[in-house]
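# Examining the three-dimensional arrangement
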Amino acid sequence: MCRQDPVKMKSKASTPSVDTIRTTPILSKGKLDKEDQWLEKFDINAFATEIRTLGKELEQQQGEADVKHLNKMVLWSNICAALGLLTMGFGTNLIAIVGLSTWTFTRWTMIAHHTCHGGYDKCHPNKDRWSRFKFAIGSLWRRCNDWLDWMLPEAWNVEHNNRHHYNLSELDDPDLVERNLAEIRDANIPLALKYVIVFIAAATWKWYYYSPNTYKELKLALLRKQGKPLPKGIDPEDAVSIKSIVLGINPFYSAWEFLAVVIGPYMVIRFLLLPLFMASIVGFGTTELLGITSLSFEQVFYSSLYNMLWAELLTNLHGFVAIVPNHAGDDMYRFRNSCRPFSGSFYLRQVLASANFDRGTDIIDIMHGYLNYQIEHHLWPNLSMLSYQKAAPLVKEICEKHGVPYVKENVFIRTKKTIDIMTGTSTMRWLPEEYEREFLEQDYIQEKLKKTSN
Ligand SMILES: [Zn+2]
């Protein structure tokens, strides 16, 4: 991540591309769109001070209650796993499909996500597991125990925790929907066909796009760390998908490496070993014990496999609905330049480029994977799930006081807004350039003041 002083900063908007030519024209102050008029009276330093103070208070409050809350969420996730695994051998059924799908979803979005950010580093007594430096990483054993999914946890940590969180809705954000879907947005095809493409992408995105692309980010990070140059003619922003791996045009790693290191363990355990394990109970006479004598080894194996495959489809869709709309919509802002982490611009951007969903009860929060507190999570990525529950009404209050748009809407309305961005039916909003620059200058001044006062 390159953090530059605003005086030295080269505007990325000055490099024309399909994406940046949509930039709204530079607006001089006083000519703001109605939706941007809150900027005229906005005091970024006062806002940042209040957010910073609240973050410190929340961090100090973390302790036993947060660990208890985490344990409760782990229990819910494990109940989903048990429901799915114990019923998947008995014909294709909804309990198994929903159980398995929700297990995969919650293990990722609630447990792994917040632990890998360091949400429990300080408050959890078991530092050997519930730490960002230990959880799911370092060995296949840890991955299987803590979080087994299509994505390699080390790769997800780089792509999500670093690149996405600290470049939110900038051109360097690997999760910027409007840029990533530019090809479909601009395609001269019927809208109905665009919807079909988006639906297929939503049902397959974790293994088709996300897993290969997060692994690419890990490879890029390793090259940068070793000071090695990128392969010739490579644009690091170009996405890697299953298509580019199969076609042999992915310069970062081979198909075999991707299979063996990244997706192989998940594929073998989910779609072979677990169905085999369930089927093996027939051999030990367990089905007779349960009074189900008509089931054969093959029947249990195949019904387990089919339930796993249906659950895979469902968890992709569930993940898509809960994750992709977090930062997309015609009311979400985009930015041209980077900002310093935890500066005034940083805090403001996390609110302007994130959308919360409905919240409240355990079941609502679990079904959203705690991503319904997206604004609070982006303000302080390393807090616990419980902290976000406490923070949400307080952040909303601060935003209202300072006139900052705080977006909270039903997840399905947000999904519709996201699909509109994906298909090119609507366009995201750019923070007026004058203000973006002014805020970055304020950050610079505040940083200087802090250094001189120390
Ligand atoms: Zn995150």
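Fair warning: this is a prediction, and the values are worked out from it, not measured in the lab.

So, about the overall build of the protein chain. For the protein chain, the count of helices and strands is 18 helices and four strands. A compact globule built from 454 residues should have a C-alpha radius of gyration of about 22 Å, and the protein chain, at 23 Å, falls within 12% of that. Counting across all 454 residues of the protein chain, residues that qualify as buried make up 42%. Counted over contacts in the protein chain with a minimum sequence separation of 6, partners at least 24 positions apart contribute 76%.

Below, the discussion takes up helix H16 (residues 385-402). For H16, with 18 residues, the first-to-last C-alpha span of 25 Å sits near the 26 Å given by 1.5 Å per residue. Alanine 391 marks the point of greatest bend in H16, at about 40°, and the proline proline 393 comes within the next four residues. Regarding H16, the residues found buried are Met385, Leu386, Ser387, Tyr388, Ala391, Val395, Ile398, Cys399 and His402. Its buried side turned inward, H16 meets helix H1 (44-61), helix H2 (64-87), helix H3 (94-116), helix H13 (344-352) and helix H15 (374-379). Glycine 403 lies just past H16 and shows a positive phi near 75°.

Here the phi dihedral of serine 169 falls at roughly 55°; this positive angle occurs in a residue that is not glycine. Judged by the 26 C-beta atoms lying within 10 Å of it, serine 169 is buried. Although it is not a glycine, tyrosine 370 sits at a positive phi angle of roughly 60°. Within the secondary structure, tyrosine 370 is located in the loop between helix H14 (362-367) and H15.

Time to look at H1. Taking 1.5 Å per residue, 18 residues should reach 26 Å; H1 reaches 26 Å between its end C-alpha atoms and fits that length. Those residues of H1 not exposed but buried are Ile44, Phe47, Ala48, Ile51, Gly55 and Leu58. Buried residues in H1, looked at end-on, bunch into an arc of 95°, giving them a common side. Across H1 from its buried face, at more than 90 degrees, point the exposed residues Thr53, Lys56 and Gln60.

On to the packing of helix H5 (residues 153-164) against helix H8 (residues 191-225), then. Taken N-terminus to C-terminus, the directions of H5 and H8 make an angle of 80°; their axes are 7 Å apart at the nearest point. Here H5 is positioned roughly perpendicular relative to H8, judged by the angle of their axes. On H8, the residues that touch Glu154, Ala155, Trp156, Val158, Glu159 and Arg163 of H5 are Thr214, Tyr215, Glu217, Leu218 and Ala221. A breakdown of the residues in the contact of H5 with H8 according to their chemical character gives six nonpolar, one polar and four charged.

Another aspect to go through is the confidence of the model for the protein chain. Of all residues in the protein chain, 91% attain a pLDDT of 70 or more, and the chain-wide mean is 89. Ranking the elements of the protein chain by mean pLDDT puts helix H11 (residues 286-289) last, at 62, and H15 first, at 98. Within the model, pLDDT remains below 50 along residues 1-27, and this stretch shows 34 contacts once partners closer than five positions in the same chain are excluded.

Here we take up the environment of threonine 106. By the element assignment, threonine 106 lies in helix H3. Residues threonine 106 and aspartate 331, spaced 225 residues apart in sequence, show a C-alpha to C-alpha distance of 28 Å. Every residue in contact with threonine 106, bar those within four places of it in the chain, is listed here: Trp76, Ser77, Cys80, Ile111, Ile366 and Gly369.

Viewed as axis vectors pointing N to C, H1 and H13 meet at an angle of 80°, and their least axial separation amounts to 9 Å. Considered as vectors, H1 and H13 are oriented roughly perpendicular to each other. Only Gly344, Tyr347 and Leu348 of H13 make contact with H1, whose side of the interface consists of Ile44, Asn45, Phe47, Ala48 and Ile51. Among the residues forming the contact of H1 with H13, the class breakdown is six nonpolar, two polar and no charged.

The next point concerns the domain arrangement of the protein chain. The domains assigned to the protein chain are domain 1 (12-61 + 337-453) and domain 2 (65-325). One C-alpha centre belongs to domain 1, the other to domain 2; they are set 27 Å apart. Between domain 1 and domain 2, the residue contacts involve 33 residues of the former and 41 residues of the latter. Elements with a minimum of two residues in the side of domain 1 that touches domain 2: H13, H16 and helix H17 (411-423). For the side of domain 1 that touches domain 2, the element with the highest residue contribution is H17, accounting for nine residues. By residue class, the composition of the side of domain 1 that touches domain 2 is 16 nonpolar, twelve polar and five charged.

All right, on to the environment of cysteine 339 then. Along the polypeptide, cysteine 339 turns up in the loop between strand S1 (333-334) and H13. Measuring from C-alpha to C-alpha, the distance between cysteine 339 and glycine 99 comes to 41 Å, with 240 residues separating the pair along the chain. Setting aside chain neighbours within four positions, we find cysteine 339 in contact with Ser345, Phe346, Arg349, Leu440 and Asp443.

Conventions we followed
- Sequence order as written defines residue numbering, which begins from 1 separately in each chain.
- Only residues with pLDDT of 70 or above have their local features reported here, since the model is predicted, and side-chain atom pairs are shown and tallied only from 80 upward, although totals for entire chains, interfaces and linings are computed over all residues.
- Under the scheme used here, helices are H or I runs from DSSP no shorter than 4 residues and strands are E runs no shorter than 2 residues, and both carry numbers assigned from the N terminus.
- In this description the radius of gyration comes from C-alpha coordinates, and the expected globular size is given by 2.2 Å times residues to the power 0.38.
- Working definition of burial: number of other C-beta atoms within 10 Å of the residue's own, with buried at 20 or more, exposed at 12 or fewer, and partly exposed in between, all C-beta atoms being placed from the backbone.
- By definition, residue pairs are in contact when their C-beta atoms, positioned from the backbone, come within 7 Å.
- Every helix has an expected span of 1.5 Å times one less than the residues it contains.
- Each residue is assigned a bend, namely the angle between axes fitted to the seven residues that terminate at it and the seven residues that start at it.
- The arc refers to the directions leading from the helix axis to the C-beta atoms.
- Each axis is a line fitted through C-alpha atoms, taken for helices only over the stretch in contact, and angles between the N-to-C directions span 0 to 180 degrees.
- When describing relative orientation, an angle under 35 degrees is termed roughly parallel and one over 145 degrees roughly antiparallel, while 65 to 115 degrees is termed roughly perpendicular and anything else oblique.
- Gly falls in the polar group here, along with every residue not listed as nonpolar (Ala, Val, Leu, Ile, Met, Phe, Trp, Tyr, Cys, Pro) or charged (Asp, Glu, Lys, Arg).
- pLDDT expresses how confident the predictor is about each individual residue, on a scale running from 0 to 100.
- Note: domain ranges come from an automatic or database domain assignment.

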